Amino acid sequence: MTELLPADTRMAQVSLDVADLDALTRFYRDVLLLDVLAQRPSEVDLGRGAETLVTLRHRPDLPKGERRTAGLFHTALLHTDRASLAATLASVAIQTPQLYTGSGDHLVSQAFYLDDPEGNGVELYWDRPRTQWSWQQGRIVMDTLPLDPNGFIGEHLTDAARDLLSTAPDGRGVLTGLDGTVGHVHLKVGDAQLAKHFYTDLLGFELTAEVPGAVFVSAGGYHHHMAMNTWRSAGTGLRAPALGLGRVDIALPDADQVARAAARLRDHGVPLRDDGAVVELDDPWGNLVRLSVA
């Protein structure tokens, strides 16, 4: 039986390779209300508090990624309450309504979807309390029910947030309830069953749900930390170098757990890059995953 990742495993940052660093920085800062935490030559870290959620890497030499190839489906930014989610959603509605792509009540969460200006998917969501989640035969019960974004904003946007967003659309101070981590990451892959094998049997996540063409996995009983689907990418092979997903970071609680995960992967013959503190590996489609200490 595969040793599982520890229960307090969580997702960390997502790195994106982008063509227009200034435009993408403005989007994640002024529309999604993240703070610029650090700037280096050709790189910008954005997040909340001291936690980086998204790193943008300037790679104008790379071609635009193909829609049907493996890569990022979306980065999901978790909000601690519906008021902060409504503030972010209202910011999107005011500034970039053309980038909005949809919504869904998933029973465990309420979620809204959009693309960034270079086509990288983003989910903005809030979790219902775990006491309200349902499990059947070891699988989380999820669905996609209608969720009206205008109704959600009308019900949950505070007067203070409404006033600030109407006078200063880049009002990042509104968003005090954004969680300090990426809630989950959803990838495009070529084969859902191979993805399940890689992320559960080798990496050590637990399977939480399966639907046609997609699998959902987590640590510690969360509904999902990662998902992999073939809805746009069935049968695709290794990614070619392109704009889009650069790396997915997974945070483990301590160095011993990183070492144990590396040893398990090595025993399964998975090629690793291991410097003693950080472990990097590619999934079967070339999506780069990094394991490190939280």
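What counts as what
- Residues numbered from 1 in each chain as written.
- Predicted model: local features only at pLDDT ≥ 70, side-chain atom pairs only at ≥ 80, totals over all residues.
- Heavy atoms only, no water.
- Helix = DSSP H or I, 4+ residues; strand = E, 2+ residues; numbered from the N terminus.
- Buried < 20%, exposed > 50% of the residue type's maximum accessible area, 1.4 Å probe, protein only.
- Salt bridge = Lys/Arg side-chain N within 4 Å of Asp/Glu carboxyl O.

Enquirer: Honestly, unusual backbone geometry in this entry has me stumped. Any pointers?
Expert: The phi angle of most residues is negative, glycine excepted, and most peptide bonds adopt the trans form. The phi dihedral of Leu33 is positive, around 65°, even though this residue is not glycine. Position of Leu33 among the secondary structure elements: in the loop between α1 (21–31) and β2 (35–40). Residue Leu33 is classed as buried on the basis of its relative accessible area, which comes to 0%. Positioned with a positive phi, Leu107 is a non-glycine residue whose angle comes to about 75°. Take Leu107: its relative accessible area is 33%, and that puts it in the partly exposed class.

Enquirer: Any chance you could explain the pattern of salt bridges here in plain terms?
Expert: It is possible for side chains bearing opposite charge to pair when their charged atoms get close. Under the counting rule described, the total for this entry stands at 17 salt bridges. For the salt bridge of Glu3 with Arg264, the shortest nitrogen-to-oxygen distance reads 3.6 Å. Of the two residues, Glu3 is situated in the segment before β1 (10–18) and Arg264 in helix α6 (residues 255–267); the sequence distance between them amounts to 261 residues. Its relative accessible area of 9% is what places Arg264 among the buried residues. Residues joined by salt bridges that share partners form a network here, namely Glu3, Asp256, Arg260 and Arg264.

Fair warning: the whole summary comes from geometry, so function is off the table for now.
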